[in-house]
Amino acid sequence: MKKLLIQLDTDKRASTFDQVVAYDAGADNLIIHSEITKEEVEDIIYGAIFTRSPKKMKNTAVFIGGSDVEKGEKIMEAVEDVFFANFRVSVMLDSNGSNTTAAASVLKVKEEIDLAGCEVLILAGTGPVGVRAAALFAMEGASVTITSRSQEKADKKAEMIKEEYDLEKIKGVEAKTDADFIKAMKNKEVILSAGPPGINFISREMWKNEDSIKVMADINAVSPAGIEGIEPPADGDTIDGIKVFGALGIGSLKMKLHKKAVAELFKTNDLSLNAVEVYKLNEKL
Ligand SMILES: NC(=O)c1ccc[n+]([C@@H]2O[C@H](COP(=O)([O-])OP(=O)(O)OC[C@H]3O[C@@H](n4cnc5c(N)ncnc54)[C@H](OP(=O)(O)O)[C@@H]3O)[C@@H](O)[C@H]2O)c1
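Small disclaimer: the values here were computed from a predicted structure and weren't measured.

Q: What should I look at first to understand the pattern of salt bridges in this one?
A: Pairs may arise between side chains of opposite charge once their charged atoms sit close together. Across all of its chains, the model carries 14 salt bridges by this definition. The residue Glu-39 makes a salt bridge to Lys-38 at a minimum N-O spacing of 3.3 Å. Given a relative accessible area of 43%, Lys-38 falls into the partly exposed group. A salt bridge links Glu-205 to Lys-208, with the nearest nitrogen and oxygen atoms 3.1 Å apart.

Here is the structure:
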């Protein structure tokens, strides 16, 4: 029986990247709905759950993508609202690569340091990747600080993470000036830069005097780096005694997680893969 992946994409042109990964992960065919809205989900999901017998339902799965993570989250909710009893298929959310990128970033850092009790700083940590990474670091027992240009937004996002993931040690700080970032870096062992492409937050002069830092990672692939000195291919390289990871170093693990996650969707009909579930898939790689 053919493995069919229903790709629900909130963008006008469904992601080519997600399509290629889906085929590489073992999907036989993709049923693509672009510019999907939550109102349109019900009929599409009925088509997925009322067609194949319960034993064969695992051969149909849903992937939610697109550049807008908030819209993707609403589509995920709408999809899960349609499921009832065992009338469901496996579903994964990875809008803008947010879940796979956050999971890969935290896993890379974890290769180098015991996260339990660790002090982590996430620069520009209020976006979809930063928020998910914060939750995963905290899940591993780290104390996490996320920066934002606004204290109000930092507090709001920190509270949201605590509530949504049932976690405690997460706080937000405003950081706009060099002095703010230097203050935020004090006593931090891990720094992850999760800002938009081409925005630098800390210069080498700023971080090189912070003796507490042991690992740094930057997921922005566009120069200048969020953390000056980290090149995109860095994959556990050492700079000034600090282990560093760049966007491509993290990206290779992200790709493996993405492919593994799509392959897992076809093993059973009851998976819901979000940040935490994708993170845990590392054990199966
Ligand atoms: N390597 C990979 O495989 C991969 C995959 C997917 C994504 N990414 C990268 O991951 C990064 C994070 O993605 P995302 O979608 O979570 O990021 P995002 O939402 O675009 O940005 C994160 C935060 O950056 C702050 N920000 C926005 N514009 C800014 C500016 N001009 N100056 C300073 N701060 C600014 C905002 O925080 P405040 O408003 O709170 O300050 C925002 O919440 C991006 O660089 C993306 O390209 C990498």
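Q: Sorry if this is basic, but what is going on with the domain arrangement of the protein chain here?
A: The figure often quoted for interface size is the accessible area lost as the parts come together. Taken domain by domain, the protein chain holds domain 1 (4-97 + 253-284) and domain 2 (101-250). Inter-centroid distance (C-alpha atoms) of domain 1 to domain 2 is 29 Å. Taken together, the contacts link 13 residues of domain 1 with 15 residues of domain 2. Where domain 1 packs against domain 2, one counts one salt bridge. Among the ionic pairs, Glu-73 bridges to Arg-132, the shortest N-O distance being 2.8 Å. The interface formed by domain 1 and domain 2 holds five residue pairs in polar contact (both at pLDDT 80 or more) in total. Broken down by secondary-structure element, the contributors of at least two residues to the side of domain 1 that touches domain 2 are α3 (69-82), α9 (247-265) and α10 (275-280).

Q: Looking at this model, I keep getting lost on the packing of aromatic side chains. Mind explaining?
A: Any aromatic ring pair is given by two values, namely how distant the centres are and how the planes are angled relative to each other. A complete count under the given rule lists five aromatic pairs for this structure. Considering the side-chain rings of Phe-50 and Phe-84, the 6.1 Å spacing of their centres and the 55° angle between planes classify their relative orientation as tilted. You can see Phe-50 sitting in the loop between α2 (41-49) and β3 (60-65) and its partner Phe-84 sitting in the loop between α3 and β4 (90-93), a full 34 residues away along the chain. A network of ring pairs unites the aromatic residues Tyr-46, Phe-50, Phe-84 and Phe-87 as a single cluster.

Q: Would you take a moment to explain the site of the ligand for this structure?
A: Surrounding the ligand, one finds 20 residues, the nearest of these being Thr-126, Ser-148, Arg-149, Lys-153 and Gly-195. For the ligand, an oxygen atom lies 3.2 Å from a polar atom in the backbone of Pro-128. Contact distances for the ligand include 2.8 Å between an oxygen atom and a backbone N or O atom of Arg-149. With the chains in place, 75% of the 930 Å² that the ligand exposes on its own is no longer accessible. Taken atom by atom, the bulk of the ligand overlaps the largest pocket. Secondary-structure elements contributing two or more residues to the shell around the ligand are α5 (128-139) and α9. Counted by class, the shell around the ligand contains ten nonpolar, seven polar and three charged residues.

Criteria and thresholds
Residues numbered from 1 in each chain as written. Predicted model: local features only at pLDDT ≥ 70, side-chain atom pairs only at ≥ 80, totals over all residues. Heavy atoms only, no water. Salt bridge = Lys/Arg side-chain N within 4 Å of Asp/Glu carboxyl O. Buried < 20%, exposed > 50% of the residue type's maximum accessible area, 1.4 Å probe, protein only. Domains from an automatic or database assignment. Contact = heavy atoms within 4.5 Å. Polar contact = N/O pair within 3.5 Å; in protein donor to acceptor, adjacent residues only side chain to side chain. Helix = DSSP H or I, 4+ residues; strand = E, 2+ residues; numbered from the N terminus. Phe/Tyr/Trp six-rings, centres within 6.5 Å; stacked < 30°, edge-to-face > 60°. Near = heavy atom within 4 Å. Areas by Shrake-Rupley, 256 points an atom, 1.4 Å probe, with all protein chains shown as cover. 1 Å grid on protein atoms, 1.4 Å probe; cavity = no way out; pocket = protein on both sides within 12 Å on 5 of 7 lines; lining within 4 Å. Sits in = over half its atoms within 2 Å of the grid points. Nonpolar A, V, L, I, M, F, W, Y, C, P; charged D, E, K, R; others polar.

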